[in-house]
Amino acid sequence: MNIAGMNITYRHYPFEHFLDSMTELGVEHIELWAGEPHFYVYRGGIGRFRRIRKELRSRNMKVVCYTPEQCVYPFNLAASDPELRQKSVDYFVENVYAALELDADMMLVTSGIGSFHATVEESWKYAADSIGQLSKLAEREGVMLALEPLTRFESNLITDVKGIQSMMDEIRSPALKGMIDTVAMQLAGETPEDYFSTLPELCHFHLIDGDGATDAHLALDDGALDWRGYLDSLKRHGYQGTCTLEIMGFHYYQDPHDTVMHSVRKIRELGI
């Protein structure tokens, strides 16, 4: 398993500060959160791609997962409004090509959120159609889509491993795989064992602590989750992918280097 840093924790610092921090911590894998002010697919053009690619290559860093912002920005793959839904699909299409420009072969997607005036079945249909379109593109371009469950505070569609399985069964694309977010998993009352027994393959893993009651994404040992047990489960099942530290919160944003440093050290103490 590899440890990956994520620039979302450094969102109020320059992107180069994040890369320098990862270099100092000896972290060579990153998950690129594609959101402002670091990177937004509709700003900067090809020159921005080239600058970021040059920065990464000069540090021998690999983008293991490319994650477009999709919870805050006005994009929603399950939107009832057909114009917004098409705009959202177009946004993710652009991000597939952005991932390729940055030498990333995996992009994270979610189901979006269904409109509350619509039935869940109707919203599911919209999400499935959108993700199906993206899956066909991902197949053609050689990109894997990591389908992440959101928490029940964020979505009324895919919030657990059964939701991931249902979407994968419906779309039936080799480019669409399931992943774990430890906070969403715990809030759904699940463990990594549930994922390994349900899904044919686990492609990605967000390792964060949580308080057990909200969708807070905490630094390791700042919460109540059995994250060490989660890692033991991954090792038992031979997981060879990446564990991304997706730490979020205003107090973390003020001192991201020390925040990530302490979590990286705790993981390395386990021999990972």
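The structure this text deals with has already been given above.
Residues numbered from 1 in each chain as written. Predicted model: local features only at pLDDT ≥ 70, side-chain atom pairs only at ≥ 80, totals over all residues. Heavy atoms only, no water.

Put simply, the largest pocket is a space of about 350 Å³. Lining the largest pocket are 24 residues, with Glu69, Cys71, Glu154, Glu246 and Met248 sitting closest to its centre. Classifying every residue of the lining of the largest pocket gives eleven nonpolar, six polar and seven charged. (1 Å grid on protein atoms, 1.4 Å probe; cavity = no way out; pocket = protein on both sides within 12 Å on 5 of 7 lines; lining within 4 Å. Points joined across faces, edges and corners; volume = space filled by probe spheres on them. Nonpolar A, V, L, I, M, F, W, Y, C, P; charged D, E, K, R; others polar.)

In this model, helix H10 (residues 256-268) (13 residues) spans 18 Å end to end at C-alpha, consistent with the 18 Å of a helix rising 1.5 Å per residue. Buried within H10 are the following residues: Pro256, His257, Thr259, Val260, Met261, Ser263, Val264 and Ile267. In this fold, the buried residues of H10 make contact with strand E1 (2-6), helix H1 (15-25), helix H8 (227-236) and helix H9 (250-254). (Helix = DSSP H or I, 4+ residues; strand = E, 2+ residues; numbered from the N terminus. Expected span 1.5 Å × (residues − 1). Buried < 20%, exposed > 50% of the residue type's maximum accessible area, 1.4 Å probe, protein only. Contact = heavy atoms within 4.5 Å.)

Okay, helix H3 (residues 82-101) next. Count 3.6 residues to each turn of an α-helix, and residues three or four apart come out pointing the same way. In this model H3 runs 29 Å from its N-terminal to its C-terminal C-alpha over 20 residues, within 8% of the 28 Å that 1.5 Å per residue would give. Those residues of H3 lying buried are Arg85, Ser88, Val89, Tyr91, Phe92, Asn95, Val96, Ala98 and Ala99. Among the structural elements, strand E2 (29-34), helix H2 (45-58), strand E3 (62-68), strand E4 (106-109) and helix H4 (120-141) are those in contact with the buried residues of H3. Where H3 begins, the capping side chain belongs to aspartate 81, and its oxygen is found 2.8 Å from the backbone nitrogen of glutamate 83. Remark: aspartate 103 follows H3 within two positions and exhibits a positive phi of approximately 60°. (Polar contact = N/O pair within 3.5 Å; in protein donor to acceptor, adjacent residues only side chain to side chain.)

Next up on the list: empty space enclosed by the protein. One pass over the structure, following the stated rule, counts one cavity of 30 Å³ or more. The volume enclosed by the largest cavity comes to roughly 40 Å³. Lining the largest cavity, in full, are Gln70, Phe75, Asn76, Leu77, Phe92, Thr110, Ser111 and Gly112. When grouped by side-chain class, the residues that make up the lining of the largest cavity number three nonpolar, five polar and no charged.

The next subject is the environment of serine 58. Following the sequence through the fold, serine 58 ends up in helix H2. Spatially, the C-alpha atom of serine 58 lies 48 Å from that of glutamate 121, the residues being 63 residues apart in sequence.

Right, let's talk about the pairing of E3 for a bit. Regular strands show a simple pattern: their side chains alternate between the two faces of the sheet. Counting buried positions over the seven residues of E3 gives six, a clear majority of the element. Sheet topology note: the E2/E3 ladder contains six bridges and is parallel. Bridge pairing in E3 places histidine 29 opposite lysine 62. Crossover handedness for the path E2 to H2 to E3: right-handed. (Pairing = 2+ DSSP bridges. Right-handed = clockwise from strand over helix to strand, strands pointing away.)

With the exception of glycine, the majority of residues adopt a negative phi angle, and the majority of peptide bonds are in the trans configuration. In the segment running from glutamate 36 into proline 37, the intervening peptide bond is cis, with an omega of 5°. Of note, proline 37 is situated in the loop between E2 and H2. Residue aspartate 103 is not a glycine yet carries a positive backbone phi of 60°. Structurally, aspartate 103 is set in the loop between H3 and E4. Residue class for aspartate 103 comes out partly exposed when judged on its relative accessible area of 36%.

The next subject is the packing of H3 against H4. Two elements in contact, H3 and H4, have axes whose closest approach is 10 Å; the angle formed by their N-to-C orientations is 25°. Here H4 runs roughly parallel to H3, going by the angle between their axes. Two packed elements cross with a definite hand, and for H3 against H4 that hand is right-handed. Contacts between H3 and H4 involve Arg85, Val89, Phe92, Val93, Val96, Tyr97 and Leu100 from the first element and Tyr126, Ser130, Gln133, Leu134, Leu137 and Glu141 from the second. Residue composition of the contact of H3 with H4, by class: nine nonpolar, two polar and two charged. (Axes fitted to C-alpha atoms, helices over the stretch in contact; angles between N-to-C directions. Parallel < 35°, antiparallel > 145°, perpendicular 65-115°, else oblique. Left-handed = near helix turned anticlockwise from the far one by under 90°.)

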